[in-house]
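# Coordinates in review
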Amino acid sequence: MVKPLHSVIDKVYRMANLEKASRKVCANKGAPGVDKVTVAAWQAKEGTHLRQLHGKLYADNYRSKHVRRKYIAKQGSKKMRPLGIPAVKDRVCQQAVLNVLQPTFEEVFFEGSHGFRPGRSTRTARQAILGYRKTGYRYVVDLDIRNFFGEVDHAILMKLVREAVKDRRVLGLILGWLTAGILEEGEVRYATSGTPQGGVISPLLSNIYLTPFDLGMQAAGYVHVRYADDVLILCRTREEAEAALGKAKELLDRLKLVLSPEKTTMSSFQEGFDFLGYHFTLRHVGVAKKSLKGFYAKVRELTKRQQGDVPVEKVIEAVNARIVGWAKYHAEGDNTGLFRTLDKWVRNRVRAYVRRRWRDRGRWKVYTAEELDGKGLARMERMISRTHQLKLFESPC
């Protein structure tokens, strides 16, 4: 049972909390909101901005601005993902509320929920799945909740928040962010449902909203791993998986959420399945097809030949920024051979860029692997957790 928070607004607007929130928001950088104030501009007058925010919260006359609509590409898809970008001031205020509320909600969140929680990540979700595989779970149901962030019911969400938060002013802040309106192409649209992806408080609210689902599945005796709105149910038999899917639909219906029948799938470790960018089989963990496709597409974009006079060193810097993070994400998988192949492909992409741009007395310049190492091009194979030892035979190409 969660301990109710009766009076916490003073903890929210405390200057030490606002300063901590501002540091977090500035570290995450991000785009400006509708007021066009950048993170750099906020930092330049941080003290003034924080005193103003403190004053508004203290006087109970803080009002959030509209969020700015922005679209980003979905990995492995031609569709675009809509984001709602709050102003920096609103992101700081949301972070301040998050700092105060999260410890309380952590006490009631489901153990198998790994998204946007302290000490948890896609890596801990992956480890949990492997643990269930080891103990005999063989069948999985991958749930796809249709337009989750756009379908969150405000009335249901606020009712769940009020089970822990009794402070009227903090409740007002949360409701204000949910109903702030979205600015797109010069027009403001007010949504009656949903929580904008891009808001600092949105991950906490999504976890609150799906906790009844988590606890309902647990009470029914089913095992599942959740990361935000990505849910994987693990079962010992196909019959159990079919029953679990029925229970999931029932629980989600109570939250006014529906599954996408096209994307909700039933599979097994024997067949292999993708989840959170990983590909799981009965014995191995590799890279999901969508993640690999996204990797190829991004590197192709960064090494395209029509880039004017961009030096190869700048191209390598941009490529590294992409491949290092991706490689670290998959560094614990069984990906040594794949990484070696990808390293060779990346080097050839860089060489092709060089050939197109530079000539030396009629001959194309071609860099060896060692020369590209010298220019700083990262090798993903060296990031594999189990392959730090020296290799006797390493391909020089």
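Whatever comes next refers back to the structure up there.
Rules and cut-offs
Residues numbered from 1 in each chain as written. Predicted model: local features only at pLDDT ≥ 70, side-chain atom pairs only at ≥ 80, totals over all residues. Heavy atoms only, no water. Core = buried A, V, L, I, M, F, W, Y, C linked by side-chain atoms within 4.5 Å. Buried < 20%, exposed > 50% of the residue type's maximum accessible area, 1.4 Å probe, protein only. Helix = DSSP H or I, 4+ residues; strand = E, 2+ residues; numbered from the N terminus. Contact = heavy atoms within 4.5 Å. Pairing = 2+ DSSP bridges. Axes fitted to C-alpha atoms, helices over the stretch in contact; angles between N-to-C directions. Phe/Tyr/Trp six-rings, centres within 6.5 Å; stacked < 30°, edge-to-face > 60°. Lys NZ or Arg CZ within 6 Å of the ring centre and 35° of its normal. Left-handed = near helix turned anticlockwise from the far one by under 90°. Nonpolar A, V, L, I, M, F, W, Y, C, P; charged D, E, K, R; others polar. Expected span 1.5 Å × (residues − 1). Arc of directions from axis to C-beta. Salt bridge = Lys/Arg side-chain N within 4 Å of Asp/Glu carboxyl O.

What follows is about the nonpolar core. Within the largest apolar cluster, 67 residues are counted, with the highest numbers of intra-cluster contacts made by L101 and F213. The leading source of residues in this core is helix 5 (residues 88-106), at nine residues. Those residues in contact with F213, other than ones at most four positions away along the chain, are L143, H224, V231, A248, L251, L252 and L255. L292, V312, I323 and M380 belong to the second-largest nonpolar core, a separate cluster that totals 25 residues.

All right, on to the sheet that holds strand 9 (residues 273-275) then. With respect to topology, three strands assemble into an open sheet ordered 9-10-11, the strand pairing being antiparallel. At either end of the open sheet lies a strand with only one pairing partner, and these are strand 9 and strand 11 (285-287). Shown here is a sheet whose adjacent strand axes are inclined to one another by a mean of 40°, direction ignored. Strand direction decides the pairing type here: strand 9 and strand 10 (residues 278-280), joined by three bridges, are antiparallel. Within strand 10, the residue paired with D274 across the bridge is H279.

Here we come to the packing of aromatic side chains. Taken as a whole and judged by the stated rule, the model has 15 aromatic pairs. For the pair F116 and Y227, a centre-to-centre distance of 5.6 Å together with 45° between the ring planes defines the contact as tilted. Residue F116 is found in the loop between helix 5 and helix 6 (122-134), and its partner Y227 is found in strand 6 (residues 223-227); the two are separated by 111 residues along the sequence. Taking the relative accessible area as the measure of exposure, F116 reaches 45% and is therefore partly exposed. Overall, the relative accessible area of 16% leaves Y227 in the buried class. In this structure an aromatic cluster arises from ring pairing among F269, F273, Y278, F280 and Y329. Across the ring face of Y278, the terminal group of R126 is positioned such that the distance to the ring centre comes to 5.6 Å.

Turning next to the packing of helix 4 (residues 46-59) against helix 5. Between helix 4 and helix 5, the shortest axis-to-axis distance is 11 Å and the interhelical angle comes to 60°. Note that helix 4 runs across helix 5; the crossing there is right-handed. Between helix 4, through L50, L53 and L57, and helix 5, the contact on the second element is made entirely by K89, V92 and C93. A breakdown of the residues in the contact of helix 4 with helix 5 according to their chemical character gives five nonpolar, no polar and one charged.

A few words now on helix 11 (residues 238-254). Compared with an ideal rise of 1.5 Å per residue, which puts 17 residues at 24 Å, helix 11 spans 25 Å between its outermost C-alpha atoms and is within 8% of the ideal. What helix 11 keeps buried is the set A241, A244, L245, A248, L251 and L252. One side of helix 11 holds all its buried residues, which, seen down the axis, span an arc of 135°. Among the exposed residues of helix 11, those pointing more than 90 degrees away from its buried face are E239, D253 and R254. The inward-facing, buried residues of helix 11 abut strand 3 (139-144), helix 10 (202-219), strand 7 (230-235) and strand 8 (265-268).

As a further point, take the sheet that holds strand 5 (residues 187-189). Pairing is mixed in the open sheet, where four strands are placed in the order 2-1-4-5. Each edge of the sheet is formed by a strand with only one pairing partner; in this case those strands are strand 2 (80-85) and strand 5. Neighbour-to-neighbour, the strand axes of this sheet turn through a mean angle of 40°, independent of strand direction. In terms of strand pairing, strand 1 (residues 67-73) meets strand 4 (residues 182-184) through two bridges, oriented parallel. By the bridge assignment for strand 4, V67 is matched with I182.

What follows deals with the pattern of salt bridges. For the coordinates displayed, the defined rule picks out 18 salt bridges. For E250, the salt bridge is made with R254, and the minimal N-O distance between the two is 2.7 Å. Placement of both E250 and R254 in helix 11 is noted, with a separation of four residues, approximately one turn of the helix. Each of D60, R168 and R169 takes part in one network of salt bridges that share partners.

Note that every value here comes from positions in space, so none of it alone points to a role or purpose.
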